Amino acid sequence: LSNLHVLTKTSSPSVNHTGRGVPSCDFLMRTVMSMFMDTLPEVELNDLLTLIISSCVNINQFNMRIISWNVNGLRAVHRKDALSPIWKMNPDIFFINETKAHPEQLPEELQKPENYYAYFNSATSRNGYSGVALYSKVKPEMVVYDVKKIKDEEGRYIEAHYSNKLVVIGCYFPNGGGEPHRLKYKLTFYDQFLEHIENLRKGGHSIIFCGDVNVAH
């Protein structure tokens, strides 16, 4: 745990719209999983992950709790009951990266969880690949899956508009591994994403974006 304390102090922060630095949830969770998976009982590991997620993002200006997690297969984590700690935390918005499923392939409790509105964007180019989901307690005024400036056939993007011009974006960014064209796709995606959110910001929106950014420093 002392190593974990050092990680939280030295890892590069992500910054929310208020300008405050917060640890990267995905980075911390992956690190903890690798450090403690073989040594901690499942219950204690879940408690530890819950503690990390709880401390990562708490958007005080809008009085919201937002959680983002790359699950690497939504059906698999559901079968293992690994989502229970998340639901117990009662997030206002829960964004999931890499669902690897279409909505009709999910059980009813994931398609329509109690007290949440559910939105999905799945890959059209490949089955069992990528995919994102957004669960929201408050029904958004508008949900956008396709942005003209962002080329996305892999189910990587959800944009939810709320009152007071708040926009919450969940995005599973491409990685640059494999063939050279994937790196080009990744960098183009980043440029398109930045241009889009800059336009939203110039339009007077407050923007929160979360997800797996697929960047290492």
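Residues numbered from 1 in each chain as written. Predicted model: local features only at pLDDT ≥ 70, side-chain atom pairs only at ≥ 80, totals over all residues. Heavy atoms only, no water.

1. Let's talk about the pattern of salt bridges
A side chain with one charge may pair with a side chain of the opposite charge, provided their charged atoms come close.
Moving on, step 1. In the structure shown here, the tally under the stated rule is 4 salt bridges.
Moving on, step 2. With its nearest N and O atoms 2.8 Å apart, the salt bridge here joins Glu 154 to Arg 182. Residue Glu 154 is found in the loop between strand 7 (142-144) and strand 8 (157-162), and its partner Arg 182 is found in helix 7 (residues 180-202); the two are separated by 28 residues along the sequence. Like Arg 182, Glu 154 is buried.
Moving on, step 3. Its salt-bridge partner being Arg 201, residue Glu 198 comes within 2.6 Å of it at the nearest N-O pair. Linking Glu 198 with Arg 201, this pair stays in helix 7, spanning 3 residues, or about one helical turn.
Moving on, step 4. Here the salt bridges share partners, and the residues they tie into one network are Glu 154, Arg 156 and Arg 182. (Salt bridge = Lys/Arg side-chain N within 4 Å of Asp/Glu carboxyl O. Helix = DSSP H or I, 4+ residues; strand = E, 2+ residues; numbered from the N terminus. Buried < 20%, exposed > 50% of the residue type's maximum accessible area, 1.4 Å probe, protein only.)

2. Remarks on the nonpolar core
Moving on, step 1. By size, the foremost hydrophobic cluster in this structure holds 18 residues, and its most contacted members are Trp 69, Leu 74, Leu 83, Phe 94, Ile 96 and Tyr 135.
Moving on, step 2. Setting aside anything within four residues of it in sequence, one finds Leu 74 in contact with Leu 83, Ile 96, Glu 98, Thr 99, Leu 106, Leu 110 and Tyr 135. (Core = buried A, V, L, I, M, F, W, Y, C linked by side-chain atoms within 4.5 Å. Contact = heavy atoms within 4.5 Å.)

3. Concerning the environment of Val 132
Moving on, step 1. Note on placement: Val 132 falls in strand 6 (residues 132-136).
Moving on, step 2. Remark: the alpha-carbon pair of Val 132 and Tyr 157, spanning 25 residues in sequence, is separated by 6.8 Å.

4. Some points on the side chain of Ser 122
Moving on, step 1. Of note, Ser 122 is situated in the loop between strand 5 (117-121) and strand 6.
Moving on, step 2. Residue Ser 122 is classed as buried on the basis of its relative accessible area of 14%.
Moving on, step 3. There is a polar contact of 3.2 Å between the side chain of Ser 122 and the backbone oxygen of Ala 101.
Moving on, step 4. In this structure, Ser 122 is in contact with Ala 101, His 102, Pro 103, Gly 131 and Gly 155, ignoring residues within four places of it in sequence. (Polar contact = N/O pair within 3.5 Å; in protein donor to acceptor, adjacent residues only side chain to side chain.)

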